[in-house]
Amino acid sequence: MNKDFYNPVEGISRDELRKLQYTRLQKTIASALNVPFYQKAFKALGLSASDIRSLDDIIKLPFTTKDDLRNNYPFKMAAIPLKDCVRVHSSSGTTGNPTVVLHSKNDLDAWAELVARNLYMVGVRDTDVFQNTSGYGMFTGGLGFQYGAEKLGCLTVPAAAGNSKRQIKFMKDFGTTVVHIIPSYATRLAEVMAEEGVDPKKDLKIRILAIGAEPHTEEQRKRIEELLGVKAYNSFGMSEMCGPGVAFECKEQNGLHIWEDNVIVEIVNPVTLQPVPDGEIGELVLTTLNREAMPLIRYRTRDLTRIIPGDCPCGRTHRRLARFQGRSDDMMILKGVNIFPIQIEKILMGYKELGSNFLITLETISNNDEMTVEVELGELGTDNVGDLKDLVKDITRKLKDEILITPKVKLVPKGSLPSAEGGKAVRVKDLRKLF
Ligand code: COA
Ligand code: AMP
Ligand code: ZN
């Protein structure tokens, strides 16, 4: 196979791109209006599809939030019959009902094509051996990169998350040249390589990394590149927009091209929800343009970023997003897993032995990002060491079931943690090393 995955749409003029977006937006609206949620939202605004006469009219359309998806759990956001849907993904980091995303066959093909396009853009070819260290299953970084790399024709190694020694053995034995990995795990893996006496620059053939799924700094990228002797490209995706493939850095490594044939991009002030000028930081809002099963209109991603003004020297006309600056909500990302403090609170408050004060600390220990949850014992707490050990074990297991990572749980005496005196208690201390 030697298909060229450069899609000419990447270089069309802004005028042509806007025309394409408007045509696709009309299709998206027509399809979204099959969904009772959007029917109601349009009605509430006194809006009909014919009121959207140009791309600029997008600001008349209603927003969609994570809560809207949760309230329509599991399949009420489907715009096509369920028999025409072939896959469902759900994202981590919600309490109660998860957010669910449905895909038709065409949706999956379009998603794989986008991922292939991104990989091709940074020089990945069908001669490459592509290893994926993402969790598979519901994590979209798994199957998303898998099908994209397969479409491109790479020899794929679906290693999945964890087991660093095995990852390194595969890299060595299979001659891995491209890896998808989250930045914090890349540094962890470099450390295990050193422990194993493997010099990535001499003993391995890796030349390209796709890194993403969590915020990281330019310094962190440079460090990863130096440690492993590779080029690392920033990859942005989210389950609600399919997964990876939404935006990706080109070889210039100066911002992520967001594929505007696939989504309409808006950056809004997270409080007023009004658009901010190009170059200013705000919340990223995305409208899908190619999705059959579950079109989303003006989806509030909660991610804070800005448009990098000006043209990219690579010649692609799709605008570039700057490195992500954090979130407009309190979601944390640890080991590539999304977690809200409320998920932890909900579990802790289920124990009569515990008080209501707790503190979550995130830190980098031996290059592994870890979470410690300290929680005060309550009035009914016990001093019996055996009971306490069992309690810690039970809390740890319940937390792992809820947040998908294993925290270290510490029970502390009542009154020893900061409380919410007259305000909101600080629940999260993020001490992670970002270089
Ligand atoms: N990706 C891949 N492996 C990871 C990882 C990550 N983000 N974070 C940690 N690991 C490795 C650890 O190094 C460890 O392996 P090792 O001891 O052989 O070095 C192993 O996974 C278990 O990690 P540990 O920290 O002990 O477990 P945990 O219970 O806290 O977390 C994971 C379990 C890693 C499986 C869970 O965090 C996970 O699935 N992360 C991947 C999420 C993902 O793929 N997100 C989508 C990206 S698009
Ligand atoms: P998920 O839905 O589990 O794929 O998680 C999506 C979230 O991960 C996004 O909304 C971002 O907060 C975060 N994310 C994904 N890619 C990046 C990236 N390249 N840089 C920073 N954050 C990212
Ligand atoms: Zn570019």
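Residues numbered from 1 in each chain as written. Chains lettered and ligands numbered in written order. Predicted model: local features only at pLDDT ≥ 70, side-chain atom pairs only at ≥ 80, totals over all residues. Heavy atoms only, no water.

Colleague: Sorry, what's going on with the domain arrangement of the protein here?
Modeller: Interface size, as often reported, equals the accessible area lost upon joining of the parts. Along its sequence, the protein is organised into domain 1 (1-329) and domain 2 (332-430). Each side of the interface is counted separately: domain 1 has 16 residues, and domain 2 has 16 residues. The interface formed by domain 1 and domain 2 contains zero salt bridges. In this structure, the connection of domain 1 to domain 2 is made through one residue pair in polar contact (both at pLDDT 80 or more). Looking at the side of domain 1 that touches domain 2 element by element, the count peaks at four residues for helix 7 (residues 183-195). Tallied by class, residues from the side of domain 1 that touches domain 2 come to four nonpolar, seven polar and five charged. (Domains from an automatic or database assignment. Contact = heavy atoms within 4.5 Å. Salt bridge = Lys/Arg side-chain N within 4 Å of Asp/Glu carboxyl O. Polar contact = N/O pair within 3.5 Å; in protein donor to acceptor, adjacent residues only side chain to side chain. Helix = DSSP H or I, 4+ residues; strand = E, 2+ residues; numbered from the N terminus. Nonpolar A, V, L, I, M, F, W, Y, C, P; charged D, E, K, R; others polar.)

Colleague: How do you make sense of the coordination of the zinc ion (ligand 3) when you look at a structure like this?
Modeller: Within the protein, the atoms that donate to the zinc ion (ligand 3) are Cys250 (SG), His257 (NE2), Cys312 (SG) and Cys314 (SG), at distances of 2.1 to 2.3 Å. Taken together, the four donor atoms coordinating the zinc ion (ligand 3) and their angles of 104 to 117° define a geometry best described as tetrahedral. Each donor residue of the zinc ion (ligand 3) belongs to the same chain, with the gaps between them written as C-x6-H-x54-C-x1-C. (Donors = N, O, S within 2.8 Å, 3.2 Å for Na, K, Ca; no water. Tetrahedral: all angles 85-135°; square planar, octahedral: opposite > 155°, others 65-115°.)

Colleague: Got a minute to help me understand the pairing of strand 2 (residues 100-104) in this structure?
Modeller: Counting buried residues in strand 2 gives five out of five residues, a clear majority hidden from the surface. Of the two faces of strand 2, the one carrying Val100, Leu102 and Ser104 and the one carrying Val101 and His103 are both buried. Of the pairings in the sheet, the one linking strand 1 (residues 85-90) to strand 2 comprises five bridges and is antiparallel in character. By the bridge assignment for strand 2, His89 is matched with Val101. (Buried < 20%, exposed > 50% of the residue type's maximum accessible area, 1.4 Å probe, protein only. Pairing = 2+ DSSP bridges.)

Colleague: I keep staring at the packing of helix 10 (residues 341-348) against helix 11 (residues 385-403) and nothing clicks. Help me out?
Modeller: Geometrically, a packed helix pair is captured by the angle between its two axes and the distance between the axes. Taken N-terminus to C-terminus, the directions of helix 10 and helix 11 make an angle of 145°; their axes are 10 Å apart at the nearest point. The element helix 10 and its partner helix 11 pack so that their crossing is right-handed. Judged by residue contacts, Gln343, Ile344, Lys346, Ile347 and Leu348 of helix 10 engage Ile395, Lys398, Leu399, Glu402 and Ile403 from helix 11. Taken together, the residues of the contact of helix 10 with helix 11 sort by class into six nonpolar, one polar and three charged. (Axes fitted to C-alpha atoms, helices over the stretch in contact; angles between N-to-C directions. Left-handed = near helix turned anticlockwise from the far one by under 90°.)

Colleague: Even after reading the chapter, I still don't get the packing of helix 4 (residues 105-121) against helix 5 (residues 140-152), so can you show me in this structure?
Modeller: Between helix 4 and helix 5, the shortest axis-to-axis distance is 7 Å and the interhelical angle comes to 70°. If you check the angle between helix 4 and helix 5, you find them roughly perpendicular. Contact residues: helix 4 offers Asp109, Trp111, Ala112, Glu113, Val115, Ala116, Leu119 and Tyr120, while helix 5 offers Thr140, Gly144, Phe145, Tyr147, Gly148, Ala149, Lys151 and Leu152. By residue class, the composition of the contact of helix 4 with helix 5 is 10 nonpolar, three polar and three charged. (Parallel < 35°, antiparallel > 145°, perpendicular 65-115°, else oblique.)

Colleague: In this structure, what is going on with the layout of surface pockets? I would like to understand it.
Modeller: It is a probe the size of a water molecule, rolled over the atoms, that shows where empty space is left. Within this model, the second largest pocket holds a volume of roughly 380 Å³. Arg18, Ile58, Val265, Glu266 and Arg319 are the residues nearest the centre of the second largest pocket, which is lined by 21 residues in total. Elements represented by at least two residues in the lining of the second largest pocket include exactly helix 1 (14-32) and strand 10 (263-268). Ranked by residue count, the leading element in the lining of the second largest pocket is strand 10, at five residues. Here the residues of the lining of the second largest pocket are counted per class, giving 11 nonpolar, two polar and eight charged. (1 Å grid on protein atoms, 1.4 Å probe; cavity = no way out; pocket = protein on both sides within 12 Å on 5 of 7 lines; lining within 4 Å. Points joined across faces, edges and corners; volume = space filled by probe spheres on them.)

Colleague: Would you explain the side chain of Glu225 in this entry?
Modeller: Mapped onto the secondary structure, Glu225 falls in helix 9 (residues 218-228). For the buried Glu225, no salt bridge exists, and the shortest N-O distance to an oppositely charged side chain is 4.6 Å, to Arg221. Ignoring sequence-local partners within four residues, the contact set of Glu225 consists of Val230, Lys231, Ala232 and Gln253. (Lys, Arg positive; Asp, Glu negative; His and termini not counted.)

Colleague: Mind showing me how you'd approach the site of ligand 2 here?
Modeller: The environment of ligand 2 is made up of 18 residues, and the closest members are Asn234, Ser235, Ser239, Asp303 and Asn338. Here a nitrogen atom of ligand 2 and a backbone polar atom of Glu214 are 3.4 Å apart. Take Asp303: an N or O atom from its side chain is 2.6 Å from an oxygen atom of ligand 2. Here ligand 2 has 500 Å² of accessible area as a free molecule, and 92% of this is covered by the chains. A per-element tally of the shell around ligand 2 places strand 7 (residues 231-237) first, with four residues. Class assignment for the residues of the shell around ligand 2 results in seven nonpolar, seven polar and four charged. (Near = heavy atom within 4 Å. Areas by Shrake-Rupley, 256 points an atom, 1.4 Å probe, with all protein chains shown as cover.)

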